[in-house]
Amino acid sequence: MQVKTPPPTPATASNPKHRAVLGQLSDMDLRLLQVFKAVVECGGMSAAELELNIGTSTVSRHMKDLETRLGLTLCRRGRAGFALTAEGQRVYDETLRLLSAVDSFRSSIDDIHRRMGGRLEVAVFDKTASNPAAHIGDAIALFASQAPEVSLQMHVASIPAIERGLIDGSFHVGIIPAHRTSQSLVYADLFAETMLLYCGARHPLFGGDHAALTWEALRAYQFAGLGYHSPNMELSHSTRLPRKATGFDQESIATLILSGRYLGFLPDHYAEGFERQGLMQAVSPAQFHYRCQFVSVLRKSPQPPRAAQAFAQCLLQAHG
């Protein structure tokens, strides 16, 4: 008796993870992934409607098409709000890598044609706009006149996030405080800023006489510092100031200082507004200070696109 093998369609179709669902990528696949990226970064389909300039129903249909195409549930949406599934998070991470590679390819083609186009991803460490020594705006104006077809994307991020992004291609140009160097990156000096030690209005040192204070005496007070390698962390280690609270940007350090519970270092140009309002005071600035040198950063290899190199030159020209 001959036994016939039943067709696999019902069992396989009931579990799409058991079959290969994605063949060659098409332009439509890239479009669906771009929609998915926007939905994730906007925090939901309704919010992505304005970003994508399409209706919510169309966004929802594109999301369903992508889930069908991939055979995965990417997100949960309901009364509790929008949330990525574990699979959705992985797809989002891979989407960022893929779209970055596509942009890099387009930039390379533009390079071959000796023109500058596509997107340029620039990442800057936070609270630089108020620094009178920083002429990043002038560099942007100069670059925009040279490369009007380039879509400039500006990001604010931490030092390690900018360094990682440059190495993996997510960012093309970085502007960060100089600290340790990497053999994978190329640096150029731009501008500097002065960091002073501050206390909040409710702190015991506020309004007091700081003349007798020493670095050793400061250890009696709680210190708030950045939680990653930086000039801030280097100084706290060299002066043996134990970190009792941790921030991951200048805004969080300022908030901790304003609580009145912690001392912390901030750029003088950024803290000036708080000082004028009587919310913060520099503690013996002649003694407790350090200087940060900011640098532009490019990836060494593969060679950055022409637009990135041109922007780096504009930065040097603006700070010359």
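Right, let's walk through the structure included here. Computed from a prediction, not measured in an experiment: that's the story for all the values here.

1. Description of the nonpolar core
Next, step 1: Core analysis: the biggest nonpolar cluster contains 65 residues, and Leu120, Phe143 and Leu266 have the highest contact counts within it.
Next, step 2: For this core, the element with the most residues is strand 6 (residues 185–200), which contributes eight residues.
Next, step 3: Each residue touching Leu120, except ones within four places of it in the same chain, is listed here: Phe143, Val150, Ser151, Leu152, Gln153, His172, Val173, Ala307, Ala308 and Phe311.
Next, step 4: With 19 residues, the next largest nonpolar core counts Leu32, Leu33, Val35 and Val40 among its residues.

2. A closer look at the packing of aromatic side chains
The relative placement of two aromatic rings is captured by the distance of their centres and the angle of their planes.
Next, step 1: Under the defined criterion, the tally for this structure stands at 10 aromatic pairs.
Next, step 2: Look at Phe125 and Phe294: their rings are 6.4 Å apart centre to centre, the planes differ by 45 degrees, and that puts the pair in the tilted class. On the criterion of sequence distance, the pair formed by Phe125 in the loop between strand 3 (119–124) and helix 6 (136–146) and Phe294 in strand 11 (residues 289–299) is long-range, its members being 169 residues apart.
Next, step 3: Residue Phe294 is classed as buried on the basis of its relative accessible area of 0%.
Next, step 4: Ring geometry for Phe265 and Tyr290: centres 5.2 Å apart, planes at 65 degrees, overall edge-to-face. Taken as a pair, Phe265 in strand 9 (residues 263–267) and Tyr290 in strand 11 lie far apart in primary sequence, 25 residues in all.
Next, step 5: Of the residues examined, Phe265 reaches a relative accessible area of 0% and is grouped as buried.

3. Looking at unusual backbone geometry
Next, step 1: Cis peptide bonds are those with omega within 30 degrees of zero, and the linkage from Ser301 to Pro302 qualifies with -5 degrees.
Next, step 2: Assignment of secondary structure puts Pro302 in the loop between strand 11 and helix 12 (306–318).
Next, step 3: With phi around 60 degrees, Asn53 is a residue other than glycine that occupies positive phi space.
Next, step 4: Structurally, Asn53 is set in the loop between helix 3 (45–52) and helix 4 (56–70).

4. Remarks on the pairing of strand 5 (residues 173–177)
Next, step 1: Most of strand 5 sits inside the fold, with five of its five residues counted as buried.
Next, step 2: Judged from the three bridges that link them, strand 3 and strand 5 form a sheet pairing that is parallel. Following the sheet pairing, Val124 is matched in strand 5 by Ile175.
Next, step 3: Relative to strand 11, strand 5 runs antiparallel, the two being bridged by four bridges. Along strand 11, the bridge assignment pairs Ile176 with Val295.

5. Re the pattern of salt bridges
Next, step 1: This structure, assessed with the given rule, holds seven salt bridges.
Next, step 2: Glu94 is paired through a salt bridge with Arg97; the nearest N and O atoms lie 2.8 Å apart. A residue pair is termed a helical-turn pair when its members lie 3 or 4 positions apart in one helix, as Glu94 and Arg97 do in helix 5 (residues 86–112) at three residues.
Next, step 3: Residue class for Glu94 comes out partly exposed when judged on its relative accessible area of 46%.
Next, step 4: Here Lys127 makes a salt bridge to Glu251, at a shortest N to O gap of 3.1 Å. In this pair, Lys127 sits in the loop between strand 3 and helix 6 while Glu251 sits in helix 10 (residues 250–258), placing the two residues 124 residues apart along the sequence.

6. Topic: the packing of helix 2 (residues 27–42) against helix 3
Next, step 1: Two elements in contact, helix 2 and helix 3, have axes whose closest approach is 8 Å; the angle formed by their N-to-C orientations is 120 degrees. Considering their axes alone, helix 2 and helix 3 lie oblique with respect to each other. At the point where helix 2 passes helix 3, the crossing takes the right-handed sense. Here Arg31, Val35, Ala38, Val39 and Cys42 of helix 2 lie close against helix 3, whose contacting residues are Met45, Ala47, Ala48, Glu51 and Leu52.
Next, step 2: Of the residues that constitute the contact of helix 2 with helix 3, the class distribution is eight nonpolar, no polar and two charged.

Definitions and cut-offs
Residues numbered from 1 in each chain as written. Predicted model: local features only at pLDDT ≥ 70, side-chain atom pairs only at ≥ 80, totals over all residues. Heavy atoms only, no water. Core = buried A, V, L, I, M, F, W, Y, C linked by side-chain atoms within 4.5 Å. Buried < 20%, exposed > 50% of the residue type's maximum accessible area, 1.4 Å probe, protein only. Helix = DSSP H or I, 4+ residues; strand = E, 2+ residues; numbered from the N terminus. Contact = heavy atoms within 4.5 Å. Phe/Tyr/Trp six-rings, centres within 6.5 Å; stacked < 30°, edge-to-face > 60°. Pairing = 2+ DSSP bridges. Salt bridge = Lys/Arg side-chain N within 4 Å of Asp/Glu carboxyl O. Axes fitted to C-alpha atoms, helices over the stretch in contact; angles between N-to-C directions. Parallel < 35°, antiparallel > 145°, perpendicular 65-115°, else oblique. Left-handed = near helix turned anticlockwise from the far one by under 90°. Nonpolar A, V, L, I, M, F, W, Y, C, P; charged D, E, K, R; others polar.

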